[in-house]
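# Per-entry structural report
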Amino acid sequence: MKVSFIIPSYNCATWLPQTVQSCFDQTHKDIEIIIIDDGSTDTTQMYLDWLKKQNIKNIRIYNNETNLGRSATRNKGNDLATGDIICILDSDDLATTKRAEITVNKFKELKCKFLYGSAIMVGATGNLLKNMDVDVFNLDEALKRHSNKIVHSTVAYTKEIAKKYPYRDGLACSLGVDDWTQQIEIASAGITLEYVPQVLCAYRGLVTAITATRDVEEVEKYKLNFMEGLKCKI
Amino acid sequence: MLSFIIPVYKPDLQIFRKCLKSLKVQSLEEWEAIFVLDGEDIPAEAEITAVLPKGKYKIITIPHSGVQKARNLGAKSAKYKYWIFWDCDCIIECHSAKAWIDIFEKRPEVGFIYSGYKFLEENGAILSQPFDPFTLKIRNYITTCSPLRKTLYPGWDESLKSLQDWDFWLSVVEKGGKGFFMEGYSFSTASPTEDSISGEGCTDENWLDRMDAVTKKHKIKQNDVCVSSIEDRLEGIRFAKLIGADYYDVPNDKPNRYKTIVQLGFSFTMNTKTHSHVFSKKSQKKILFWTSQNITEINNSVSLKALYHYSNSINKICTQYCEDLESQSVLKRAGFKVEVMPLPIVNTDEIEAYPKEPKFLVDAVGHYEELMGIVERSIPDIKLENVNGRNNLKDYIGLISLTSDHVLDSTIKRALLTGKIVISNVKQPFCGFIDDYEVVDKFIPEMVDRIRKASLKKDNIPAVNYYKRVYSTKKILEVINEG
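Residues numbered from 1 in each chain as written. Chains lettered and ligands numbered in written order. Predicted model: local features only at pLDDT ≥ 70, side-chain atom pairs only at ≥ 80, totals over all residues.

Moving on, we get to the overall build of chain A. When helices and strands are counted, chain A shows nine helices and nine strands. In chain A, buried positions account for 43% of the 234 residues. The contacts in chain A between residues at least 6 apart in sequence include a share of 81% that link residues at least 24 apart. (Helix = DSSP H or I, 4+ residues; strand = E, 2+ residues; numbered from the N terminus. Buried ≥ 20, exposed ≤ 12 C-beta atoms within 10 Å, placed from the backbone. Contact = placed C-beta atoms within 7 Å.)

Given below as structure tokens:
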């Protein structure tokens, strides 16, 4: 089974090389790495130019002409993927070396369409900060809590899921809840979000991260609206 | 390939036998030994014929006429293109000669090769130092038992009473011979006596006369100023050249005519005795430049009692200088009377275009070293190499210096003067100050960004021009010459 790692990048010149390296280090070798740079203004391009010159077979690098935003970039990556399974990897997180191997085995074993796993949080030097609070997915609770306890960089799904449930753009993107809405949509359609209690990624806990600065009230408002819309559909 | 020319005069037969055996078993195959018996010596001759295979040696017997004459005579019979004047108490390392020949054959520019050597009876050893015609004019550091191309052979001066080896190597260099310093030891020998070091009858009283005989012959200028820098010899040699002085580690180990001694650095943790010895001569003017390493030591590892002791004695005898106000305040707190005067430095390397492959030299200590390890993982497109003493700045775009003393040290100075980009924790012009952030989340990205942007630069001419003005030699020469 071929695994596609999708790495959208935006102004992450410091961490992206380490993230890409974590893909090279995978024990499962049938992988492709797709990097889509969303118009970074830092030194990312210098790294990507170097990476292109290395002529590594299973790496594909794309540049958005203009800044498309996170959701659109993720969707573009999913469209470009040629693997059987898509593994999400944000540009500052690190995949554990067995992530692809575990993911492939679980897909075969459970015949599932979507899975996620445990994660740890690390600091800038790779130092362990804490174990992330990840648990079995429960739709009702996720809706009640307006949060789902899924670390996005552990998520893997089939190409079919990617096509059917693209990330929402617009407000969902700017508020950083595009992954949450996607997961609720998938779960609402009766598809199981399988939980693998194994650490699949090291989540970068940086003080400068986007989730730390977003407007909580706005997010709550958006989520309520989104749920209203979802009920109508059902 | 190699002719050993060996004068023999009343040898210790036991050691002589070891010498012969070591020649016999060495890994080089094509060699010969020419023994010049300086006065008939039947027991020695018997040793030779007993140990060495026939055809490997020649024996010439002459009436006793001194080692130089014996060497010159022996040279006439040497058949190979590489020669070495051997001593009959020297035991060669098995692979030395093979290594020499390999170097000669591969590197036509090398005229002669030398190394250090060990003593038989004790653990002592004589280390040598890298070849530099400048330092050879001050004192000899090349042992007689060093191989050379026969085309460079100048003859041994039979009129000199002492220091013939010094004269010999000076003459070889004057003929265009370039020395090659091979690290390590090439032979063992008996511990030296006074006579065997400097020649027969060489005492402190006639030392200067015997030095003069050689310096006059080679037209070597007498200098009034001598620089010593035990912590960093290369730095000291560069500085001595810059101000037109001599360089020697321990100038007062022998009688001399120096009026001023300039010492770079005074380490409290190593060589304190040697450091103090430099200042042993009362009549000399003494100038001490405190180095950044010394400041680190004072900050971290010297007891107050020791500081009290040293400041008292050093204040009495030395004029002291340091690099900047930050160092001055540390030294003053430690009790030293010190003025600020940056140590002049000249860039002996040419300003060359940056290498095509982006590469930076890293001098980082403590937690910075760990952080730079993380930074390195974030820039696979750019190479970082740690300082190891053998790096050549011209191979790099720039220097990243993160040391604990925050002082503009000689590595940074040299980098700036050769037009390199500097990123450091030193708050001085063109030093690319980067803060000691407590939040590494910021330090790492900032460092990555700085390095990548620096890798696009083509030169750093404004820094060169600025520091050329700062590090002029005018002030230091005034200080030395005053009074």
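We are not done yet, so read on.
Secondary structure summary: chain B contains 18 helices and 19 strands in total. The buried share among the 483 residues of chain B stands at 40%. Considering only contacts in chain B between residues 6 or more positions apart, those separated by 24 or more positions represent 74%.

Residue and element names in this part refer to chain B. If you walk across this open sheet you meet the four strands as 17-16-18-19, and the pairing is parallel. What marks the edges here is a single partner per strand, and that holds for strand 17 (383-386) and strand 19 (421-424). Adjacent strand axes in the sheet meet at a mean angle of 25 degrees when their direction is disregarded. In the sheet, strand 18 (residues 398-402) pairs with strand 19 via four bridges, with the strands oriented parallel. Directly across from Ile400, in strand 19, lies its bridge partner Ile423. The strands touched by helix 14 (residues 367-378) within the sheet are strand 16 (359-364), strand 17 and strand 18, with strand 16 carrying the most contacts at an inclination of about 155 degrees. Against the sheet, helix 16 (residues 440-454) engages strand 16, strand 18 and strand 19, with an angle of about 175 degrees to strand 19. (Pairing = 2+ DSSP bridges. Axes fitted to C-alpha atoms, helices over the stretch in contact; angles between N-to-C directions.)

Our focus in this paragraph is helix 14 of chain B. Between its first and last C-alpha, helix 14 of chain B extends 17 Å over 12 residues, near the 16 Å set by a 1.5 Å rise per residue. Contacts made by the buried residues of helix 14 of chain B are with helix 1 (16-24) of chain A together with strand 16, strand 17, strand 18 and helix 16 of chain B. (Expected span 1.5 Å × (residues − 1).)

So, about the nonpolar core. Of all hydrophobic cores here, the largest spans 121 residues; its most connected members are Phe5(A), Ile86(A), Cys87(A) and Phe360(B). With six residues, the top contributor of residues to this core is helix 16 of chain B. When neighbours within four sequence positions are excluded, Phe360(B) is seen to be in contact with Ile382(B), Leu384(B), Tyr396(B), Ile397(B), Gly398(B), Leu399(B), Ile400(B) and Ile451(B). Residues Leu2(B), Val36(B), Ile48(B) and Tyr141(B) belong to the second largest nonpolar core, which totals 51 residues. (Core = buried A, V, L, I, M, F, W, Y, C linked by C-beta atoms within 7 Å.)

With that out of the way, let us pick up the interface of chain A and chain B. Quite often, the size of an interface is put as the accessible area lost when its parts meet. Across the contact, 17 residues belong to chain A and 16 residues belong to chain B. Taken together, the elements giving at least two residues each to the side of chain A that touches chain B come down to helix 1 and helix 2 (44-53) of chain A. Counted by class, the side of chain A that touches chain B contains nine nonpolar, seven polar and one charged residues. (Nonpolar A, V, L, I, M, F, W, Y, C, P; charged D, E, K, R; others polar.)

This part takes up the packing of helix 15 (residues 410-417) of chain B against helix 17 (residues 461-470) of chain B. Any two packed helices are characterised by the angle at which their axes cross and by the distance between the axes. Residues and elements named next belong to chain B. It is the contact of helix 15 with helix 17, at a shortest axis distance of 8 Å, that shows an interaxial angle of 120 degrees. Accordingly, the angle class assigned to the pair helix 15 and helix 17 is oblique. For the pair helix 15 and helix 17, contact is made by Lys413, Leu416 and Leu417 and by Ala463, Val464, Tyr467 and Lys468, respectively. (Parallel < 35°, antiparallel > 145°, perpendicular 65-115°, else oblique.)

Below, the discussion takes up unusual backbone geometry. A positive phi angle is found at Asn55(A), which is not glycine, with a value near 50 degrees. Within the fold, Asn55(A) resides in the loop between helix 2 and strand 3 (59-63). Judged by the 7 C-beta atoms lying within 10 Å of it, Asn55(A) falls in the exposed class. The phi torsion at Phe430(B) lies on the positive side, around 65 degrees, for a residue other than glycine. The residue Phe430(B) is located in the loop between strand 19 and helix 16 in this model.

This part takes up the packing of helix 14 of chain B against helix 16 of chain B. All names here are of chain B. Put simply, helix 14 and helix 16 touch, their axes get as near as 10 Å, and they point 50 degrees apart. The angle between helix 14 and helix 16 falls in the class oblique. As for how helix 14 packs across helix 16, the hand of that crossing is right-handed. Facing Leu371, Ile374, Val375 and Ser378 of helix 14, the residues of helix 16 in contact are Val440, Phe443, Ile444, Met447 and Val448. (Left-handed = near helix turned anticlockwise from the far one by under 90°.)

A word on the confidence of the model for chain B. Any region with low pLDDT has predicted coordinates that should not be read closely. Mean pLDDT over chain B works out to 89, with 96% of the residues at or above the 70 mark. Predicted complex metrics record ipTM = 0.87 and pTM = 0.67. (pLDDT = per-residue confidence, 0-100.)

Turning our attention to the sheet that holds strand 12 (residues 260-264) of chain B. All names here are of chain B. Pairing is parallel across the open sheet formed by six strands, whose spatial order is 11-10-12-13-14-15. Each of the sheet's edge strands pairs with one partner strand only, and the pair in question is strand 11 (246-247) and strand 15 (339-340). Bridge count for strand 12 against strand 13 (residues 285-289) is five bridges, and the pairing is parallel. In the strand pairing of strand 13, Val262 is matched with Ile287.

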